[in-house]
Structures are given as structure tokens and as C-alpha cells.
Amino acid sequence: MIGFLKSGSVTEGFAVRLLRDVSPESLKIGDFAVIEGRIYKFFGIIDDLRLLSSNEDVFFDPPETPLQKLALSGSIIYSEIQLSPYVMADPDGNLMSIKTVPEHFSSVRLAENRDIELVFKRGGKPFFIGTPLTMDEHIYVDLEKLSMRNNAIFGITGSGKTVLAKIVFSGLIRNEIASLLIFDMHNEYGRSSKNEEGRVEPSLKTFFPKNVKVFDVAHNPDADSIITIPYVDVDPEDIALTSEILHYSEKSEETALLVRRRKGKEWLKFLFSLQGKTDEELAEISESLGVNSASLSALIRHTTRLSELDFLQDTMEESSINQILNYLKSGISVVVQFSGKYKNSALVYFLVANIISRRIHGKHESMSDSELKRLRTVIVIEEAHKFLSTNLKERNIFGIIAREMRKFNVTLFIIDQRPSEIDPEVLSQVGTRFVLQMMDESDIDSVFQGVGGGSRLKKILRSLQARESLLFGFSVPMPVAMRVREFGEDFFKEMQLNSPHGDPNKDLYGE
Amino acid sequence: MKSIGEILLLRPSFIAAEGKRDFIPPIGSLLKNNSKPLRYLIVVDQFVESRIPGRTPAPYGLDYGDIESEQPQSTFLMRWMYQLVPVCELNGTKYEAPTGVPDIHTLLYWVEDAEFTEVLSSSSFMDFLFRIDETMLPQRNEVIMRLLRKFIVSVPQINRDKELLRILTRLSIIFRNDYSTLKQFIKSLEVKI
């Protein structure tokens, strides 16, 4: 027992007075605690600790010896914790949201392993994701539930987003919950990646060689295929998301749509063929197309960079998009990487992600209910704020997926460090959030916008270190501050059942 | 068991016993009677008065040691008294508030070591100590301090810290609104460690 319930309410949480022999230093923000009510157990998180005194005179003549200090503890000076309750359990262990308050003086203790198990290891497909900050018990996330809604991992660089994402994605693939389509901006989710210390670590393709296919827009020895997108598979709407990079105005968008209307699927090939034409020639073509000559010139100029992309080809070969869609349909996850000269190319990342996602959107919308039942796709995007900013709201396929595609079994998994730049409407659709270290106040505010008890969770967030995460939302019964499980030998062993050699390191480094 | 005095004065709010000449229990001593109900009383003051009402001692100009040999009547005419305040009664194993005053001529005895430790170890006894009305007995805190000091010293060294902490903790609750008094107690008791 660490203390007893002093006061509080369902909405504001509980004040717990600590016993005199319990040092506040033995407790931390984010610790799990249990209030033993007469009927129910109340599970909560410590979100604040306070030092208090019943008599201010003590500060004018402070205790001089350790014994004096000890003698005053618990009466003149004392400590309290603020405990936010999230769920309560009846005597049969059934969890429910907080609907009542425990009695005064109910005893309060730190949660034990059995409590963590009671709260987190329930139905569905529980997956070990981490441990409470001060305990070794496993925290489980319900992967079924996780995949049903949009999810997000937020955190600054170096906070551990990638490792956490790899763990979650491994869980989704291994348990065959969903097919993942990962737009892997920094090439971390394919065969291997380098960790913060520069050490090479296995990644999804190594863990699940049969269940993961790696595509790349450029030559990459780790990739299963190089992406080829025929010109005919590109729509003007696919380019719209890259408008900022291409300096592409709304007028250019309209012009592109007109060109497509006139030239059909060959519109892009036609547009590229106009490069190098004289003004007179362009004026003539514009007239025949019924578009403004200046606008056409601008559109040609703006799309010149697209003609330089190797993976966009004038070919009638099958588009890689179809292959990707077929893999996803058959339950195989796809990692799209960006190597060679396209490494760190925002244009290519946005363009490819947009094209493929738009096709998935169209495909799923046209599927029957029975087809959809068998198919669940999670689209993973990094640097999500660039896709989901308020500016791009109207023409943004990812915004549409986030808002409307849950019923078509397509959800988004956002990985980002600037949530404040994401459209709040999209953020409101995020079911489960993993929030690692964050520094910027506006980012912190946006992560907790519309979240019940957000101000209390913010306090916990501020106490997190690297590789620690606050997890809350749809797939867990209550928020939890956790240490992300080790992405090391134990995890690799757990995943090795899926590896042909039985050891991901052997896959990676050879025998 | 040898008596240490006899109650001879019983007035409203004032109980006094006569002790032996040249030895009366120190202020802060814990005494008890030897009959039912068993009462615990604390010595709160000492005084010497004439046995003959209205008589005042005459000056002899002698050192105290010489008075007895040269003017023995002067000491025969005096009595050595101490004032007592009932703290509580023992009812079975339970300490309760005093139900009344002891009878006149009640003989008083020391509370011996083991019993003394047992009584002082009781938090309810401690509470009864502080129920003594300070407005009626301004020296109450000083008296209690002496009693507690005596107790602390009587506790074996090995348990002394623990007992002191227990007492101080109790005091810190009793005096949570009177920090300066609490500090006096703490300093007074700590010195004895």
C-alpha cells in the first residue's frame, strides 16, 4: 500500500495521500496504480506528485535533522499523488469505464503483474508491445482492434518511432491481421535498417520473407521488384499532391484535367511530347485542345521533372501498381522503398504514395462486402504531415482514406514528428496513438486535441525518455506509459519462426 | 511495593499528595494507585507548606543543613507536597478517560519499568496526556516533555530511535497546527538520544 484516497472525482481524478514511509521519489509519473474500492478495483495512472504542508510555519523553522524531518513527515509535511482513473473492474474481473468513485480512505497500491494482465491481456489478438515504465509485466495491444481504425506514432527524431513501428508491423504481419502497404521513406522496413548506433538490424522482409515483398523505385539489391508505372496509369489527380514541389498551381491542375479529357490515358505522354515546342507551336496546340496557351506552357514546365523519373515509363507492360494490389489482396505486405537517386526525394515519395493509394482506394470502393471481409489493408505513411496538411485537404487521398475508408477495411498508419501540421479532422479519426518523446508545444497540443483527460496525459508525456511511449486509444482499455519492448534477440527469436533459416541474423549476415 | 505518597488534598481541579521529606517525585513522574479502578496520575508541581493553617515559617538565618539540627521543629511543622493530575484509568486492557478523582488518603506508587514502558507505548495514553487542559495547567507541555524524556531514556538503546520516532510522529499530529510547540518537543526529546 502506498497511500489512501483523500478526495477526487470521476472527471478530475483522485488525490491520494501517501503514507509517511512512502517516499515520493519511489513513484513516477506514468506509474500504474490501483485503488481498492469496496466493490470495484479502479485502475489509473499517476499523472502528478505534490509536496504539501499542513502548517506553513514549518518553512520558517525547517527541521534540522533527519529525525526531525521524519517526525514531521505525514503530518506537517506530506506528499500526494494525483491519480487519473481510466477503467474499473468488478469482482469477476469485468472491465468497464469509470462510472463511480471509491470510498474515502480506500487503499491505494502500485499495480502488480496480475493487474496489468487483467487490464491488457484480453480477447482479440493481444500482442506484447512493451512494459510499464517501472515494471516488467507485458503490455499487450489488441491488434485486431488496432487494425480496424487509423493509428499513429508520433515522436521527435531519435525517440524510437521506427523501432516501435517495426514491432507493431511485425505483430500485424505475423498474426495475419492485415496486409501492410508501407511507404518507406527512409528504407527502414525492408530487409534491414541501421539503428541509432549504426548497427544493422533485421527488418520486416528478414522476419517474414514470404509475407513481405519489397518494391523500389530504383535499383536495390534487397528489393523483390523495381517499380514501373506506365504513363497511362497516371492521372492528373495523382500529381496534385506534389503540386507544392512542382510549383503546380490550381490553374495547372485544371489544365491537366482538360488535357486528359482531350487525350485520354495518353495525356501524360502527350504532355511530355510537348517539351521543347516553340511558343507558336504551343499556341496552336492550345487552341486545338481548348486550353489557355500560357497555362499549357506552365503545365509543361511544371511537369518536366516528372518526365525525368525512370520509373514512369511509356510502356504497355503491367504496372507495378497492379502487382502491389494483387499482393495486398493475397495477404502479402508490401514495402515501397526509395533508393538510389530517389532517396530522400519528396517528389517521388509523394507521387508514388499518392498513385498507389489512390488505386487502392478505388479498388476497395468497388469491392463486394464478401471480398472486403477477407481483406484488410493498412497504409503506412511517414512524414505524414506533408500528406495530411490542412492545405491539401480537398484533393488529398490520404485524408479521404483516414475519414472514409474504414468501412472499406483500409486504414492509415501515420508516422510523424509534426502532428500540429496534420489536418485536425484527420487527427480526430486516429483510433490508437503511440506518442513518444515530443518537445514542441503545438505538436503536443495537437496530439491530445479532443482526447479526454488530455491535459493529464500531457504531464505523463513530458516525463518520457527515448524508447518510452504513451499509448492510448481504441485498442487499449486505458492509456499506458510504457517502455517499448526491446527490439533485440528475444524479439528476433519470436519472429524467427517465419524466417527460412530460423534466425533473422543469419538471413541478414549469412551463415 | 512501597508507597511514595498519600493523597491529602482534594479540591476541585486540584489534587495533591504528601511525600517524604526531602524526596518528592520529580515533575513529570508517572504514579498510580493500588486499587480499582487503576488510575495513572502525573506529577505536575511540587510545593512545601506548613502543617498548621496560617502559620508562616520564621527566618532562622541558618544554612538548610543546620536548621534540622538546631531548629528541628521547623521541619516537623512543614510537609512536602506534590500536585497530581489524573491522566487515565485502565479498564481491562484499555486506557480510558478518568471517571473521577481518587479517594482521599489514596496511597501512590511508582509505575515500575515494564509497566511504564507499556503505558507510554500506548498511543491512547499519549492522547490522554494531551487532553490535560493547558489553560488550567500552563506547565502541561513541560510536564509531558519530562515524562516523555524519562520514557525515552528508559527504552533500550536498540529500540530508542524507533520509539522516539513513534512519539514524535504522534506529537506531530497532535501539534500539526502549533509548529513552535512541536519543535520544542522535538528538540527536547532529541537531546536525550
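Higher on the page you've got the structure.
Residues numbered from 1 in each chain as written. Chains lettered and ligands numbered in written order. Predicted model: local features only at pLDDT ≥ 70, side-chain atom pairs only at ≥ 80, totals over all residues. Heavy atoms only, no water.

Caption draft 1: Local environment of the overall build of chain B. Scanning chain B from terminus to terminus reveals seven helices and seven strands. Listing every helix and strand of chain B by position from the N terminus yields β-β-β-β-α-α-β-β-β-α-α-α-α-α. With the C-alpha coordinates aligned to their principal axes, the bounding extent of chain B is approximately 55 × 35 × 35 Å. Residues classed as buried in chain B amount to 45% of the 193 residues present. For chain B, contacts bridging at least 24 residues in sequence account for 70% of all contacts bridging at least 6. Distance between charge centres in chain B, computed from 24 positive and 24 negative side chains, equals 4 Å. (Helix = DSSP H or I, 4+ residues; strand = E, 2+ residues; numbered from the N terminus. Buried < 20%, exposed > 50% of the residue type's maximum accessible area, 1.4 Å probe, protein only. Contact = heavy atoms within 4.5 Å. Lys, Arg positive; Asp, Glu negative; His and termini not counted. Charge placed at Lys NZ, Arg CZ, Asp CG, Glu CD.)

Caption draft 2: View of the nonpolar core. All names here are of chain A. Counting 142 residues, the largest nonpolar core has Ile129, Phe169 and Phe398 as the members making the most contacts within it. For this core, the element with the most residues is helix α13 (residues 346–365), which contributes ten residues. Non-local contacts of isoleucine 129, meaning those with residues more than four positions away in its chain, are made with Ile139, Tyr140, Val141, Leu164, Ile167, Val168, Phe434, Leu471, Met482, Val484 and Arg485. (Core = buried A, V, L, I, M, F, W, Y, C linked by side-chain atoms within 4.5 Å.)

Caption draft 3: Summary view of the interface of chain B and chain A. Contacts between the two partners involve 16 residues from chain B and, on the opposite side, 17 residues from chain A. On inspection of chain B and its partner chain A, the count reaches three salt bridges. Between aspartate 61 of chain A and lysine 183 of chain B there is a salt bridge whose closest N-O contact spans 3.0 Å. Counting the contacts that link chain B with chain A gives eight residue pairs in polar contact (both at pLDDT 80 or more). Residue assignment for the side of chain B that touches chain A shows that the elements contributing at least two residues are α6 (157–174) and α7 (179–190) of chain B. Looking at the side of chain B that touches chain A residue by residue, the classes come out as eight nonpolar, three polar and five charged. (Salt bridge = Lys/Arg side-chain N within 4 Å of Asp/Glu carboxyl O. Polar contact = N/O pair within 3.5 Å; in protein donor to acceptor, adjacent residues only side chain to side chain. Nonpolar A, V, L, I, M, F, W, Y, C, P; charged D, E, K, R; others polar.)

Caption draft 4: Expanded view of the pattern of salt bridges. Per the stated rule, a full pass over the model turns up 38 salt bridges over all chains. Among the ionic pairs, lysine 183 of chain B bridges to glutamate 64 of chain A, the shortest N-O distance being 3.4 Å. Of this pair, lysine 183 of chain B sits in helix α7 while glutamate 64 of chain A sits in the loop between β4 (41–53) and α1 (66–72), placing the two residues on different chains. Overall, lysine 183 of chain B belongs to the buried group, its relative accessible area being 4%. With a closest N to O distance of 3.1 Å, arginine 39 of chain B and glutamate 89 of chain B form a salt bridge.

Caption draft 5: Molecular detail of the sheet that holds strand β15 (residues 225–226) of chain A. Residue and element names in this part refer to chain A. Here twelve strands make up an open sheet; going across it, the order is β9-β8-β23-β22-β21-β10-β20-β19-β11-β18-β14-β15 and the pairing mixed. Since the sheet does not close on itself, it has two edges, and those belong to β9 (139–142) and β15, each with one partner. Pairing geometry for strand β19 (residues 377–382) and strand β20 (residues 410–416), over six bridges, is parallel. Paired with glutamate 382 across the two strands is isoleucine 415, which belongs to β20. (Pairing = 2+ DSSP bridges.)

Caption draft 6: Inspection of the pairing of strand β7 (residues 107–110) of chain B at higher detail. By the bridge criterion, two bridges tie strand β1 (residues 5–11) of chain B to β7 of chain B in an arrangement that is antiparallel. Bridge pairing in β7 of chain B places glutamate 6 of chain B opposite leucine 107 of chain B.

Caption draft 7: Quick peek at helix α3 (residues 113–120) of chain B. All names here are of chain B. By the burial criterion, the buried members of α3 are Phe116, Val119 and Leu120. Angular distribution of buried residues about the axis of α3 spans 90°; they occupy a single face of the element. Turned more than 90 degrees away from the buried face of α3 sit Ala114 and Glu118, all of them exposed. Lining the buried residues of α3 we find β3 (30–32), β4 (38–50), β6 (94–96), α4 (123–129), α5 (140–154) and α6. (Arc of directions from axis to C-beta.)

Caption draft 8: How the structure looks around a negative patch on the surface. Residue and element names in this part refer to chain A. On the surface, a cluster of negative charge is made up of Asp279, Glu280, Glu281, Glu284 and Glu287. Topologically, aspartate 279 is positioned in helix α10 (residues 279–289). Taking the relative accessible area as the measure of exposure, aspartate 279 reaches 58% and is therefore exposed. (Patch = residues over 30% accessible without salt bridge, like charges linked within 9 Å, V, L, I, M, F, W, Y side chains within 5 Å. Areas by Shrake-Rupley, 256 points an atom, 1.4 Å probe, with all protein chains shown as cover.)

Caption draft 9: Structural detail: the packing of aromatic side chains. Residues and elements named next belong to chain A. Tallied over the entire structure, the rule returns 26 aromatic pairs over all chains. Ring geometry for phenylalanine 4 and phenylalanine 105: centres 5.5 Å apart, planes at 45°, overall tilted. In this pair, phenylalanine 4 sits in strand β1 (residues 3–9) while phenylalanine 105 sits in the loop between β6 (95–97) and β7 (107–110), placing the two residues 101 residues apart along the sequence. By relative accessible area, which is 22% here, phenylalanine 4 ends up partly exposed. Classification of phenylalanine 105 by relative accessible area gives exposed; the value is 61%. When the centroid spacing of 5.5 Å and the interplanar angle of 85° are considered together, the rings of phenylalanine 311 and tyrosine 342 count as edge-to-face. With phenylalanine 311 in the loop between α11 (293–307) and β17 (312–313) and tyrosine 342 in the loop between β18 (333–337) and α13, the pair connects residues that are 31 residues apart, well separated along the chain. The burial state of phenylalanine 311 is the same as that of tyrosine 342; both residues are buried. (Phe/Tyr/Trp six-rings, centres within 6.5 Å; stacked < 30°, edge-to-face > 60°.)

Caption draft 10: Spotlight on the packing of helix α18 (residues 441–448) of chain A against helix α19 (residues 454–462) of chain A. All names here are of chain A. Between α18 and α19, the shortest axis-to-axis distance is 10 Å and the interhelical angle comes to 130°. The angle between α18 and α19 places the two elements in the oblique class. Here the hand of the crossing between α18 and α19 comes out right-handed. Residues Glu441, Ile444, Asp445 and Phe448 of α18 lie in contact with α19, whose contacting residues are Gly454, Leu457, Lys458, Leu461 and Arg462. (Axes fitted to C-alpha atoms, helices over the stretch in contact; angles between N-to-C directions. Parallel < 35°, antiparallel > 145°, perpendicular 65-115°, else oblique. Left-handed = near helix turned anticlockwise from the far one by under 90°.)

Caption draft 11: Structural detail: empty space enclosed by the protein. All names here are of chain A. Summed over the entire model, instances satisfying the criterion amount to one cavity of 30 Å³ or more. Put simply, the largest cavity is a space of about 60 Å³. Lining of the largest cavity is provided by Leu325, Leu328, Lys329, Ile360, Lys363, His364, Met367, Leu375 and Thr377. Elements that contribute at least two residues to the lining of the largest cavity include exactly α12 (320–329) and α13. Split into classes, the residues belonging to the lining of the largest cavity amount to five nonpolar, two polar and two charged. (1 Å grid on protein atoms, 1.4 Å probe; cavity = no way out; pocket = protein on both sides within 12 Å on 5 of 7 lines; lining within 4 Å. Points joined across faces, edges and corners; volume = space filled by probe spheres on them.)

Caption draft 12: Spatial organisation of α18 of chain A. Residues and elements named next belong to chain A. Of the positions making up α18, those classed as buried are Asp443, Ile444, Ser446, Val447 and Phe448. Close packing links the buried residues of α18 with β10 (150–154), α17 (424–427), β21 (430–435), α19 and β22 (468–473). Phi for glycine 450, located one or two positions after α18, is positive at around 75°.

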